[in-house]
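Coordinates in review
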Amino acid sequence: MDVDGTRSFAERMGGVVFGGDYNPEQWPREVWDDDVRLMKDAGVAMVTVGVFSWSMLEPRDGVFEFDWLDDVLDRLHAGGIAVDLATPNASPPPWMAEDHPESSMVDRHGVRVGVGSRGHFCPSSPVYRDRSLRIARRLAERYGGHPALALWHVGNEYHAECFCDLCDERFRGWLREKYGSLDELNRRWGTAVWSQRYSDWSQVHLPRPVRGRVNPARQLDYSRFNSGVQLELYRRERDLLREITPSVPVTTNFFQSISLLDYHRWGAEVDVVAFDTYPDPGRADAKIKAAFQYDLMRSIGGGRPWLVLEQSSSAVSQWPRNYVKKPGRMRLGSYQALARGADAVMFFQWRASRSGQEKFHSAMLPHSGTAGRTWREVSALGRELPRVAGVAGSRSSADVAIVWDYENWWAVEGCFHPVNDFSYPATVLEHYTPLWERNIAVDVVTLTSDLSRYRVLVVPNQYLLTTDRQEALHAFVAAGGHVLVSYFSGIVDGDDRVVPGGIREVIGAHVHEFAPMPPDETVTVRAVHGQDLVPSGFTGTARNWQDDMVAEGARVVAEYTDGFLRGQPAVLDRQLGDGSCVYLGTRLDPQSFAVVLGTVLQRAGVTPVFDAPAGVEAGVRIGPEQRFLFLVNHGDATAVRLDRDGTDLLTGVSWTAGRSIPLEAAGVAVIASPSTPAR
Amino acid sequence: MDVDGTRSFAERMGGVVFGGDYNPEQWPREVWDDDVRLMKDAGVAMVTVGVFSWSMLEPRDGVFEFDWLDDVLDRLHAGGIAVDLATPNASPPPWMAEDHPESSMVDRHGVRVGVGSRGHFCPSSPVYRDRSLRIARRLAERYGGHPALALWHVGNEYHAECFCDLCDERFRGWLREKYGSLDELNRRWGTAVWSQRYSDWSQVHLPRPVRGRVNPARQLDYSRFNSGVQLELYRRERDLLREITPSVPVTTNFFQSISLLDYHRWGAEVDVVAFDTYPDPGRADAKIKAAFQYDLMRSIGGGRPWLVLEQSSSAVSQWPRNYVKKPGRMRLGSYQALARGADAVMFFQWRASRSGQEKFHSAMLPHSGTAGRTWREVSALGRELPRVAGVAGSRSSADVAIVWDYENWWAVEGCFHPVNDFSYPATVLEHYTPLWERNIAVDVVTLTSDLSRYRVLVVPNQYLLTTDRQEALHAFVAAGGHVLVSYFSGIVDGDDRVVPGGIREVIGAHVHEFAPMPPDETVTVRAVHGQDLVPSGFTGTARNWQDDMVAEGARVVAEYTDGFLRGQPAVLDRQLGDGSCVYLGTRLDPQSFAVVLGTVLQRAGVTPVFDAPAGVEAGVRIGPEQRFLFLVNHGDATAVRLDRDGTDLLTGVSWTAGRSIPLEAAGVAVIASPSTPAR
Amino acid sequence: MDVDGTRSFAERMGGVVFGGDYNPEQWPREVWDDDVRLMKDAGVAMVTVGVFSWSMLEPRDGVFEFDWLDDVLDRLHAGGIAVDLATPNASPPPWMAEDHPESSMVDRHGVRVGVGSRGHFCPSSPVYRDRSLRIARRLAERYGGHPALALWHVGNEYHAECFCDLCDERFRGWLREKYGSLDELNRRWGTAVWSQRYSDWSQVHLPRPVRGRVNPARQLDYSRFNSGVQLELYRRERDLLREITPSVPVTTNFFQSISLLDYHRWGAEVDVVAFDTYPDPGRADAKIKAAFQYDLMRSIGGGRPWLVLEQSSSAVSQWPRNYVKKPGRMRLGSYQALARGADAVMFFQWRASRSGQEKFHSAMLPHSGTAGRTWREVSALGRELPRVAGVAGSRSSADVAIVWDYENWWAVEGCFHPVNDFSYPATVLEHYTPLWERNIAVDVVTLTSDLSRYRVLVVPNQYLLTTDRQEALHAFVAAGGHVLVSYFSGIVDGDDRVVPGGIREVIGAHVHEFAPMPPDETVTVRAVHGQDLVPSGFTGTARNWQDDMVAEGARVVAEYTDGFLRGQPAVLDRQLGDGSCVYLGTRLDPQSFAVVLGTVLQRAGVTPVFDAPAGVEAGVRIGPEQRFLFLVNHGDATAVRLDRDGTDLLTGVSWTAGRSIPLEAAGVAVIASPSTPAR
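On a predicted model such as this, the values are computed, not experimentally measured, just so you know.

Basis of the calculations
Residues numbered from 1 in each chain as written. Chains lettered and ligands numbered in written order. Predicted model: local features only at pLDDT ≥ 70, side-chain atom pairs only at ≥ 80, totals over all residues. Heavy atoms only, no water. Helix = DSSP H or I, 4+ residues; strand = E, 2+ residues; numbered from the N terminus. Buried < 20%, exposed > 50% of the residue type's maximum accessible area, 1.4 Å probe, protein only. Contact = heavy atoms within 4.5 Å. Areas by Shrake-Rupley, 256 points an atom, 1.4 Å probe, with all protein chains shown as cover. Lys, Arg positive; Asp, Glu negative; His and termini not counted. Charge placed at Lys NZ, Arg CZ, Asp CG, Glu CD. Expected span 1.5 Å × (residues − 1). UniProt positions renumbered as here; feature names shortened; annotations may be inferred. Salt bridge = Lys/Arg side-chain N within 4 Å of Asp/Glu carboxyl O. Buried area = accessible area lost by both parts, 1.4 Å probe. Polar contact = N/O pair within 3.5 Å; in protein donor to acceptor, adjacent residues only side chain to side chain. Pairing = 2+ DSSP bridges. Domains from an automatic or database assignment. Phe/Tyr/Trp six-rings, centres within 6.5 Å; stacked < 30°, edge-to-face > 60°. Lys NZ or Arg CZ within 6 Å of the ring centre and 35° of its normal. Least-squares fit on C-alpha atoms with pLDDT ≥ 70 in both.

Here we take up the overall build of chain A. If you tally the helices and strands in chain A, you get 18 helices and 27 strands. Its C-alpha atoms give chain A principal-axis dimensions of about 75 × 75 × 45 Å. Residue burial in chain A is summarised as follows: out of 679 residues, 66% are buried. Partitioning the contacts of chain A with sequence separation of at least 6, the portion at a separation of at least 24 is 73%. By element, 48% of the accessible surface of chain A is carried by carbon and sulfur atoms, the whole surface being about 22400 Å². Between the averaged position of the 71 positive side-chain charges in chain A and that of its 85 negative side-chain charges there is a distance of 2 Å.

Okay, structure coming up:
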């Protein structure tokens, strides 16, 4: 594989890719011709095939039926449609579970699950590993040279979690390798607490049910182990495919914010990052959460364009209530993804299933066929996207990074903490929201990422602070960077072991005690006179948590005016050379938080990518010759004043700088201008 | 058995039967004489004996102790009290579980339950099946000729559900018989979805736990299978009893609205329908729910009188809070059952237990004995009922039918639907309520029932529409019937497979998309000018759901005035010859729903059985010579104007038509008039 | 052991003991010297060592490592610090679970739990029993003569609950011994209900999962059995220790209000009562609940002083949100315990752990070391306590007793009751609260305690009333005592079998029926004119429950003025010689309840220990020469007028009777006066 699989894939596909999952095995052949015809009508350029086809391709152990797939690929190719071909490991056929019971996963409570859903395999089972690799090899050998093949799709939404004896043995092996000796494990897990000292490796197990809760260091190691188990599964198939078809890029589809996988580790392992996005139309913050996830996908790929590999044309079916995407909203969300770096807009799935668990999941071609709004909107989008073909391959840049750290997630939501209903995704989104609202470009990183390109670093509740993370934070500030870090940060090392004063040096304060607040209580914070971080006279409210701390080098810029910590510091500001570190010892109300963050941005000279009205999301992508300003209107009808000349690719209308262009509710504009150096 | 076991039982018992469950095995013999004396005081005509007596009758495998039961039956007979004798299969003795562990049920999660409660058997266990039949045979042989024996009572409230290997094997056999081939099963279960295709019968299992949720077609078949398993259990005992005692009618007691059994299939299998009714005194809608269940019981028996075999004299004990029946309410509820076709008023149980799980369940003779209100009300009712003896055997007729379809229940509450908190019983009750409020006589049917006698058919959310159901619906309208059908109807066939347009022809519209609404949102609907179904100018509200649809032949009679479907159709009206079909694409507020339904009734010329004030439930039963008007006052004191001459059987007072009779709160009147042809 | 281990321990320790749990095995030796130095700074007199040290003392089966503990005890002794040495049975090392799987507990659902937490042993396992006794013997033999040893601490917070086959066999044996014959068990468990009659002992099992709920008599016996299992575990270690070190007192630490142990049975088994107290700073009623628990601890020890063996210096970590103790509140709570009879103030733990499940549990020496508020307050308290050294050994007396009966708890919260969300601890606390608010001294007893010293007995909802309890209640009133008893009392005997009229004689009324009320409903009660228990004209509200009853000898002193029991009795008053029994047939609002209770107290001539302002808790302890009045201010700053001359031990200031001493918020005074006969 050449260095940049993303580029090779992009070159193959040409523009913004439109398409979806295609499951022809659910339909008689007479439907297939109709499919290809309608795909062409809708501008489909690529379809994903074979994700759940294992039992149709190998109905019995070692008995293969490829004829139907040959036919499908030939028809698609004849129709000019490329194929993203999946290895089907996400759902082994029933014969495997029946003939090899140990190939099925065992849940945390020791129950071996049955077939009839998906994702039910044990990732350590020799039979599963052998047979999944075997069918991947067969597919690669048979279709590696097929002209329709544009991309390999390994598995589906990896999220295995198995507690069987095979996995138990493997966990033990992983620990032996990590720790070398049992003494070292005992030391770092802190087994002197509660009489947990191990005297033989055989005593060490997966975190199966205990009375109460398990040692948190053991749980944390399990999270690392399990994320790695799946990456290993993916890599062995990827390596096989690369060996057989070195010129075909390989990916797998990431999804949502689940905690089972450390996606930062996966970004470099795929040739092109692909994401399944399902923002909930019933939630007002879904668009912000989506933006964050898109920034994450772009960031884990090192800034490369990525693919929306799945989204829904309208409602999904897995939630308690599944709301439709109202008129224009599917298009709006598609452009939002493009604005944040996507080069593809694809759907699950092409044709709505008639049977099974997902039959009410919307599709490009729904049960009502071409008669209704869904098809109208889907096919209109497919026909419109070629207008923005030039966007493909263009990239963004950001001066601000926000930390989203899976290891921290695993640790900070651990048991027996001061607040045990803490949600890391929620707090990160809270830190991200004012950046999104002001259209500040943001990358999503960890403290172990390359931070040298950023001027501002937002660090939400970084409970887990390994030595390397701690040093990176120091280095960032020392190099003149500006950091905003919030309470319950720098508490433990990588073994979930408290390191008193772990962040004391950076924030310039000593946190003596954590004081969680009742959920419905607030306290007032007030700017300290003469400080510049918060405007003089400013007051706000705080909730959830108060650090009981004393400044040691930092300036107190806001203090509590009531509660038992009245007069004590709430917000600190520390200058370190040209850099600075702002520390929040509490959870500020959104407005106050935005004020503090605004000052940090100002201090660093960070400005929005575009100064848009409220509700209008702006994104800028820059190609070799053109610069693209995306305006995505989540709010009501408005007008937007342009800051430079450009042409709206969607309408073909040219606008001069200073002119206001109308933007209706759910409206989108993509303004192309000549490329200039990044602002 | 002669054709009509209900009639033979009624002839034996004479009038309205009064009595209850009698568990003498819980008491020393010195209590028994007291029991019979008090039973006679209270007018008890029949008691149910032996429901939970297995371990007292057969304390060890094959060791029988019948002496005590001989004594009980003799004493009862001597007291002139008939016996409803139970086969005790609902609770096998502890020795069976201990000596034959496989005879105990295994729950969905694989746990084999212990003894100490009841209903813990595996319905497929050879030992259970052999021993339960053996003791039934012994009882039949010993007591078949006993003069007290009036009725056989097989088991108790069937509701088994077992996931053991024996049941698994049996499910596989049931599927083989149903589908003939694995290919056919694969096709109809849609196993091409998610790689579930089976290649050997051994791979097919009960819907035991999977990762996520199981294939819904498999789940639906399991519901059918499990309902059938229990009917088979019942039938084998019934057939045995019929063989040994051909002249004794056989029944079992149905209960509440549980989804495990398709009671429509059971109606024809019992010689007399018997029901256990436990309306919750803490719920305002309990009386409507009870009315619905009574209509169901009457309907599954083909209109035959049925028995209240169990009710409580006051509070029960199985709920979080168990409220008493306030003064007069137990009597009121008893007459409500008579008004809707019952010929018996019986209780669980005669004498309150001192031990066990039901010791705080009220009884005819409570712990406080004859001292308190409960005994006063119970014995007063028992002494009063002979006044309405003439009611026994009389029947009702209805012009309206409402669909209550167990197969639809199983399917419509399935997983991964647009709305996953949907309650079929709640929606059916919502459709039934305005009929009850207006005293419209209603039968409870399925679309596969004989519908020829009805003029109006109410079809709540008939998601599952098999070909025969679809044809029956067509035929009903074609024959001049009037149908009201609500949204999410005609979606899938009997395999839970989507059939696009399955109901398009009947409703005259194409539903493109389902749009569930947030639980607390409403939209406004307005009558379309010039249409007659809803009064011009009428507006109402709708919630929960909106169909996005276009009329194709139907007239739009109401449309949305706000929301994203503003101006789109909400209610449709289709004329088909003399018949019509009204379609609700949303959930109307109760008042608006009543208006729409009222017009349909008017169109069909359906009128109430009696025009009573609000809160007064009216029922009419017609015997060979007399017509009985029941007036059951759930509300405050009021007066009711009679429409014909008659005599109140409870007071002996005669009234002439046009006179108002007073009806106090919780008051009842039973007005007998000469029979005339049904109105 | 001499008769009074409490006294021998007190003599050894001298004054009020200050200290905490010390877990040196979690720290390198270089920390130990620092520990001893800081302990001395803080006035620590005793530390608890070894509670969770098993795996450090015996890392492999039979391989012991005592060197480190030798060192620890020597250093402590050198520092003048006594040791409370624990036997480590609460958390067996991992080798035991691995090498002897049957030594781990099995939960109610049949899952054998793993290691990694604590309390995971099976109390019936021969290996566990052998090895736990072996290490206790080793400790006793090695350290029995160590000069630091002041107290043995057996295990930790006993709360085992195991459902394995070994425990099952043991339960069967316990039942055989209790009942003698299976016939007797069948009779008393009421197995005639639901066909549960046993015909062989092999059929009888632990209350493992059944379909629905298990026979309540069996469940009740299980509760008795399981409480006894743990007492037996404790006693065998205690007996061993007594044998080896006859002069060292033995205790174990009780904790919170868990229902697994009948602490009344444990009081006489320990040489000194020790308690772990964790009032929740987030709950306003935590101080009242704490007071109740302290009264319980004092009462089960027969009035002997007891030890606070664990409390937290600030927040704990096991709750959803863990609030800090605000400034002064830890000291306040410590004096509250002293006021109610404690002779020690100790903490979990000395030095905050860095690892494991309790690392965020506050400590005497927190992660912030000596820098913050916690250390300031802890060390200040330790240095202050010597001023009240004279308190040690002094005792209290009470004229009022409240019943807190574990057997009743087990039974009254059983299944299938009229109200199934009933909380016995909540109702007892509700009865206790007005006594606490008025500073009435209260002992916490059962009806089988020696009641002869009391004038008033408060009996909350005594559902379970065995013959001996019934006779004790009779005897108390007959002897001139005054009783207040509330509804749902006297319902069942010791076999959970209803005994109609079980309390009829004492209360002078016949309860016909229980009428639970909806949670949000109230009714009004009004004083009956001319009665003296409640002031004429008084009205109040009632909720939750109404007895439908008739007076038989009692006077009706309050009746309902609305609801379906309008005009019926709500509160009864019965004179029996010089004694009386007030019966509440409903749950009165707190104010009305306080009025009724106040009249009963007045009738008995009971007065507060001290007449303090609202929010000020007062306790009196009397020693051979001095009387100590504790004033503990839970409210705002106030002043308290003294009733006799005295000296505040904390300030050294002397006050004369009639003078008001200032008491700030969270302030405490300990006024010493010459002893006089108890008021």
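Here helix α13 (residues 373-384) of chain C spans 16 Å end to end across 12 residues, near enough to the 16 Å set by a 1.5 Å rise per residue. A large share of α13(C) lies buried, amounting to nine of its 12 residues. Listed as buried for α13(C) are R373(C), T374(C), W375(C), E377(C), V378(C), S379(C), L381(C), G382(C) and E384(C). Contacts made by the buried residues of α13(C) are with β14 (509-516) and β16 (539-551) of chain A together with β1 (17-22), α2 (29-41), α12 (329-339) and β9 (342-347) of chain C.

Sequence positions flagged by UniProt for "domain: Beta-galactosidase trimerisation" (unreviewed entry) are, in local numbering, residues 398-606 of chain A. Strand forms 32% of residues 398-606 of chain A and helix 25%; the C-alpha atoms that close the span are 9 Å apart.

The next subject is the pattern of salt bridges. Residues and elements named next belong to chain A. Under the criterion given, the structure shown has 156 salt bridges over all chains. For R340, the salt bridge is made with D295, and the minimal N-O distance between the two is 3.0 Å. Of this pair, R340 sits in the loop between α12 (329-339) and β9 (342-347) while D295 sits in helix α11 (residues 286-300), and the two are 45 residues apart along the sequence. For the pair formed by R340 and D295, the shared burial category is buried. What emerges from the salt-bridge pattern is a single network uniting E184, R187, R188, D493, D495 and R497.

What follows is about the environment of R108(A). Residue and element names in this part refer to chain A. On the secondary structure map, R108 appears in the loop between α5 (94-99) and α6 (126-143). With a relative accessible area of 31%, R108 lands in the partly exposed category. The spatial distance from the C-alpha of R108 to the C-alpha of P207 is 8.2 Å, given a sequence separation of 99 residues. Not counting residues within four places of it along the chain, the set of residues in contact with R108 comprises E161, F163, P207, P209 and Q219.

In this assembly, 52 residues from chain A lie in contact with 51 residues from chain C. Buried surface at the junction of chain A and chain C, summed over both partners, amounts to about 4500 Å²; 54% is from carbon and sulfur atoms. Of all residues in chain A, W194(A), R197(A) and R211(A) give up the largest surface area on contact with chain C, accounting jointly for 22% of the area buried on that side. On inspection of chain A and its partner chain C, the count reaches four salt bridges. Here E513(A) and R373(C) are joined by a salt bridge, their closest N and O atoms 3.3 Å apart.

With that settled, the discussion passes to the UniProt feature "domain: Beta-galactosidase C-terminal" (unreviewed entry) in chain A. UniProt feature "domain: Beta-galactosidase C-terminal" (unreviewed entry): in the numbering of this structure it lies at residues 615-671 of chain A. What you have in residues 615-671 of chain A is 0% helix and 56% strand, and the ends, taken at the C-alpha atoms, are 18 Å apart.

Glancing now at the interface of chain B and chain A. Chain B puts 52 residues into the contact, and the matching count from chain A is 51 residues. Summing the contributions of chain B and of chain A, the shared interface buries around 4500 Å²; its carbon and sulfur component is 54%. Inspection of the region where chain B meets chain A yields 29 residue pairs in polar contact (both at pLDDT 80 or more). Of all the secondary structure elements, the ones that give two or more residues to the side of chain B that touches chain A are α9 (216-244), β14 (509-516) and β16 (539-551) of chain B.

Before going further, it helps to spend a moment on the sheet that holds strand β3 (residues 82-87) of chain A. Pairing between sheet strands relies on hydrogen bonds along the backbone, with the strands arranged either parallel or antiparallel. Residue and element names in this part refer to chain A. Pairing is parallel in the open sheet, where nine strands are placed in the order β5-β4-β3-β2-β1-β9-β8-β7-β6. Here the strands that pair on one side only, and so sit at the sheet edges, are β5 (250-251) and β6 (253-255). Taken together, the three bridges between β6 and strand β7 (residues 274-276) define a ladder with parallel strand orientation. Its bridge partner being in β7, F254 is matched across the sheet by F275.

This paragraph deals with the pairing of strand β22 (residues 626-633) of chain A. Residues and elements named next belong to chain A. The buried fraction of β22 amounts to seven of the eight residues, a majority that puts the element mostly inside the structure. Both strand β21 (residues 616-622) and β22 contribute to a ladder of seven bridges, which runs antiparallel. From the neighbouring strand, E617 faces β22, where its bridge partner is V632. Where β21 folds back on β22, the antiparallel hairpin that results is connected by three residues. Both β22 and strand β27 (residues 668-674) contribute to a ladder of seven bridges, which runs antiparallel. Of the residues in β27, the one forming a bridge with Q626 is P674.

Let us now look at the sheet that holds strand β7 (residues 274-276) of chain C. Across the sheet, which stays open at both edges, the nine strands sit in the order β5-β4-β3-β2-β1-β9-β8-β7-β6 (chain C) with parallel pairing between neighbours. Looking at which strands have only one partner, the edges of the open sheet turn out to be β5 (250-251) and β6 (253-255) of chain C.

Before going further, it helps to spend a moment on the domain arrangement of chain A. Taken domain by domain, chain A comprises domain 1 (5-163 + 219-391), domain 2 (165-205), domain 3 (400-604) and domain 4 (616-674). Just the C-alpha atoms count here: the centres of domain 2 of chain A and domain 4 of chain A sit 58 Å apart.

Next up on the list: unusual backbone geometry. Omega for the peptide link from F348(B) to Q349(B) comes to 0 degrees, which places this bond in the cis form. With respect to the helices, strands and loops of the structure, Q349(B) is situated in the loop between β9 (342-347) and α13 (373-384). Within the chain, N439(A) stands out as a residue other than glycine whose phi angle is a positive 55 degrees. With respect to the secondary-structure elements, N439(A) resides in the loop between α15 (424-437) and β11 (442-445). Judged by relative accessible area, N439(A) falls into the buried class, the value being 4%.

So, about the packing of aromatic side chains. Residue and element names in this part refer to chain B. For the coordinates displayed, the defined rule picks out 117 aromatic pairs over all chains. Between Y158 and W266 the ring centres are 5.6 Å apart and the planes differ by 45 degrees, which places this aromatic pair in the tilted class. With Y158 in the loop between β4 (149-154) and α7 (165-179) and W266 in helix α10 (residues 263-266), this residue pair connects regions lying 108 residues apart in the sequence. No difference in accessibility class separates Y158 from W266, as the two residues are buried. Lying across the ring of F416, R213 places its NZ or CZ 6.0 Å from the centre. The lysine or arginine in question, R351, covers the ring of W27, its NZ or CZ lying 5.3 Å from the ring centre.

Laying chain A over chain C is done by rotating through 120 degrees and shifting 0.0 Å along the axis; what remains is an RMSD of 0.0 Å. One copy is carried onto the other by what is essentially a three-fold rotation axis.

Now for the environment of W545(A). Residue and element names in this part refer to chain A. Mapping W545 onto the fold places it in strand β16. The spatial distance from the C-alpha of W545 to the C-alpha of F514 is 7.2 Å, given a sequence separation of 31 residues. The residues contacting W545, other than those within four sequence positions of it, are P418, V419, Y487, F488, F514, A515, P516, M517, Y560, G585, T586 and R587.

Attention now moves to the pairing of β16(B). Residue and element names in this part refer to chain B. Two strands pair when backbone bridges link them, and β14 and β16 are joined in this way by seven bridges, in the antiparallel orientation. In the strand pairing of β16, V511 is matched with M549. Relative to β16, strand β15 (residues 522-527) is paired through five bridges, and the arrangement is antiparallel. Each residue of the ladder has a partner; that of T524, found in β16, is T541. Looking at chain direction, β16 and strand β20 (residues 586-588) are connected through three bridges and run antiparallel. The partner of Q546 across the bridge, within β20, is T586.

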